[in-house]
Amino acid sequence: MLADTIMVLGVNHKTAPVEVREKLAFPEGPKEPLQKIKAISGTDECCFLSTCNRVEVIFASKAQEETVRDIRRFLFSGSKLSDTESERYCYLHQGRDAISHLFRVGSGLDSMVVGEPQILGQLKEAYRDADEIKTMGVLLNRLLHKSFSVAKRIRTETNIGGNAVSISYAAVQLAKKIFGDLKNKKVLLVGAGEMAELAAEHLVTQGVSKVIVANRTLERAVKLARRFNGSAVALDELAQQLQVVDILISSTGSPNLVLRKEEVKPLMRQRRNRPLFLIDIAVPRDLDPKLNDLDNIYLYDIDDLRHVVEINKSERDKEAVKAERIVSEEMLGFLQWLEGMEVTPTIQELLAKANAIREAEMKKTMNKLNGLPEKDKKSIEILCNSIVNKLLHDPILFLKANGDALDKQVKLDVVRKMFRLHRNSVE
Amino acid sequence: MTLLFTLTLVIYVLATAAYIAYFSSQKEKIRTVARSILFAGAASHTLCLVVRFILAGHTPLTNNHEAVSFFAWSITVGFLSFRWRYQVKNFGTFVTPLITALMFISFFSSQDIYELPPALKSGWLPVHASTAIMANGFLAMAFCGGIMYLLQEREIKKKRFGLFYSRLPSLDALDSLNHHCLSIGFPLMTLGIITGSVWAKQAWGSYWQWDPKETWSLITWLLYAALLHQRLTVGWRGRRTAIMAIVGFSAALFTLWGVTSLLGGVHSYVG
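Residues numbered from 1 in each chain as written. Chains lettered and ligands numbered in written order. Predicted model: local features only at pLDDT ≥ 70, side-chain atom pairs only at ≥ 80, totals over all residues. Heavy atoms only, no water.

Caption draft 1: Quick peek at the packing of helix α1 (residues 2–25) of chain B against helix α2 (residues 28–56) of chain B. All names here are of chain B. Packing of α1 against α2 brings their axes to within 8 Å, and their N-to-C directions diverge by 160 degrees. The pairing of α1 with α2 is recorded here as roughly antiparallel in orientation. Seen from above, α1 lies across α2 with left-handed handedness. Of the residues belonging to the contact of α1 with α2, the class tally is 20 nonpolar, five polar and three charged. (Axes fitted to C-alpha atoms, helices over the stretch in contact; angles between N-to-C directions. Helix = DSSP H or I, 4+ residues; strand = E, 2+ residues; numbered from the N terminus. Parallel < 35°, antiparallel > 145°, perpendicular 65-115°, else oblique. Left-handed = near helix turned anticlockwise from the far one by under 90°. Nonpolar A, V, L, I, M, F, W, Y, C, P; charged D, E, K, R; others polar.)

Caption draft 2: Summary view of the interface of chain B and chain A. Every contact between the two is made by 25 residues of chain B and, on the other side, 24 residues of chain A. Among the residues of chain B in contact with chain A, Lys157, Lys159 and Arg237 of chain B are the three that bury the most area, contributing 33% of the side total. Where chain B touches chain A, the interface holds three salt bridges. Linking Asp295 of chain A and Arg240 of chain B is a salt bridge whose minimum nitrogen-to-oxygen distance equals 3.6 Å. (Contact = heavy atoms within 4.5 Å. Buried area = accessible area lost by both parts, 1.4 Å probe. Salt bridge = Lys/Arg side-chain N within 4 Å of Asp/Glu carboxyl O.)

Caption draft 3: Region of interest: the sheet that holds strand β4 (residues 91–94) of chain A. Residue and element names in this part refer to chain A. Read across the sheet, four strands follow the order β2-β3-β1-β4 without closing on themselves; strand pairing throughout is antiparallel. A single partner strand is all that each edge strand has here, and the edge strands are β2 (43–50) and β4. Recorded for the sheet is a direction-independent mean angle of 15 degrees between the axes of neighbouring strands. Where helix α5 (residues 96–106) meets the sheet, its contacts fall on β1 (6–12), β2, β3 (54–61) and β4, and the angle it forms with β4 comes to roughly 115 degrees. Its contacts with the sheet put helix α6 (residues 118–132) on β2 and β3, and the angle it makes with β2 is roughly 140 degrees. (Pairing = 2+ DSSP bridges.)

Caption draft 4: How the structure looks around the pairing of strand β6 (residues 210–215) of chain A. All names here are of chain A. With five of its six residues buried, β6 lies for the most part within the structure. Of the strand pairs in this sheet, strand β5 (residues 186–190) and β6 are connected by five bridges, and their pairing is parallel. Across the sheet, the residue bridging to Leu189 is Val213, located in β6. Each parallel crossover has a hand, and the one from β5 via helix α9 (residues 194–205) to β6 is right-handed. Sheet topology places β6 next to strand β7 (residues 231–234); four bridges connect them, and they run parallel. From the neighbouring strand, Ala214 faces β7, where its bridge partner is Val233. (Buried < 20%, exposed > 50% of the residue type's maximum accessible area, 1.4 Å probe, protein only. Right-handed = clockwise from strand over helix to strand, strands pointing away.)

Caption draft 5: A look at the nonpolar core. If you look at the biggest cluster of nonpolar residues, it comprises 109 residues, and the most contacted ones within it are Leu189, Leu203, Ile247, Ile249 and Phe277 of chain A together with Ile75 and Phe91 of chain B. At 14 residues, helix α5 (residues 124–158) of chain B tops the list of elements feeding residues into this core. When near neighbours in sequence (up to four residues on either side) are disregarded, Ile247 of chain A contacts Ala175, Phe179, Lys186, Val187, Leu188, Leu203, Phe277 and Ile279 of chain A. Of all hydrophobic cores here, the second largest spans 74 residues; its members include Ile154, Met341, Ile347 and Ala354 of chain A. (Core = buried A, V, L, I, M, F, W, Y, C linked by side-chain atoms within 4.5 Å.)

Here you go:
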């Protein structure tokens, strides 16, 4: 079976700890490992995916055991692990398992954060690299393309990527529900923690126009502000800044409240009641919880955001069930396409198509030819038959001719495209 | 005539059902269907008004059935034309039930055509009555927007995300909806009062005579004027303007129905 030649070998965050995964890094980029894997005897096609959470080789091979072993040895060549040890960290999927695995990876179902979208970009990157130095043939080409469209289908038909599942992204999503468009909005970072930085980064990619940083040590504020092309201010200018900003992210190490309700209340009039979104990710808290009672002020502390994330995660898990169903559906579709990639069914389909055309045309003509003697009708039928058979003779011989596996698939692919032989929904 | 009106009502009921279905499923296809049904309803309703105009021989805005039907029509048309310019997600789910409710009220009011009382035989009738009711149409949309704002704001403030958080648009979008509706509705309302006043001078000899309906329109007008004034000067927005839009609309409804049934006055034949 052609399907059984498709395999995925690799490690991910579930099977191997980071100490192992980092040994599998190829800092010179993917081209070199691609060429080396392709050179391993028995590898017909290959593609190489390497991200911080996974290293995978997607390949097609007829000669199996030795090839798998050699590829695994190559992957682990940077580590000092023995064959048995490396085998323990690896997974090997074959046939339908390999196909569903790839579909799941592409749509983020296998990711640490389920449904995250970056992996699809990384997979496309891997595809481009392999395509550039021609280590893939018809099979992997089709398989990877299919995995992109499966990911797209899952994204449109389920809400898998819909809800924010990280604190910083949840903050961005809330900001959007308050302000609509984040363009022309200003954000003030109070304190320069890592999470605040991350949230600010998200906000900037969403179009926030200005980042202002206030910090106890001005030096650190200036440094961070420069990263966002923003400006730095001193901590005691906070009230003044509150008149112009729309979003405030506070993460100071201060043991006391940095901002009280009484301080902000008079400011709202000066702000002409423009909404203010306050995000407090400091522990102990920086912002007076009572601030949330003021009109047009929305205060979220770290626990509130965590709560949002928890809800969203359980939403995502529900959506993941739908996504898994799509994966198995598409996997079956791909298997059907693979079946068609064998010689015999292709020839059968070709003959069936030709005969269907012949019969339809014969019928049309015969209806017009009234009063033709039976003998002549027979002759026309024989004529048509032999035209069809002679015309198909060479393509069939072409398909049946021996050659190496890769060659055969290219031929099949060409013939199927030329005669538009389709199988089910696989385009 | 009654048949056409009933048909319009049925189409509106269907549109409302479709919008509610869209609200719960959030499938774009259903929204397209709902919108097409509402378009059909608007067309049928327009035809209905034209037929009524021809049959009655005068502007069909002289009794409760006619006035409320026109009221519903102006919300539909206002909503459909608004749609092109401002994208407010799921607005239709809140507007169509109101339209349908008004149509039911109109349906159960007397649909007989009366001879026009002499005082109403004037070119001012269509001008005054239609601007006043059209104004109500836009105020009604601001009212729906206000309800949506309060629902959405509650979930964001209380940090409990239920039915509305993902379905309703951003607070900012709902607040500008309020602003847009009022900046059309309020001038129309002002115009309605001015034309009414001019007509009153012609018909009764004085611009203003503190008839209950006049008084209540003035109260309603003052409510909205205060709202707009606060919005423009101190930047009132959000929850307060949403609540004001709801209060203002209740006053407008009282002016339309409450005054006639409870307080009487020279406007009594209308409604």
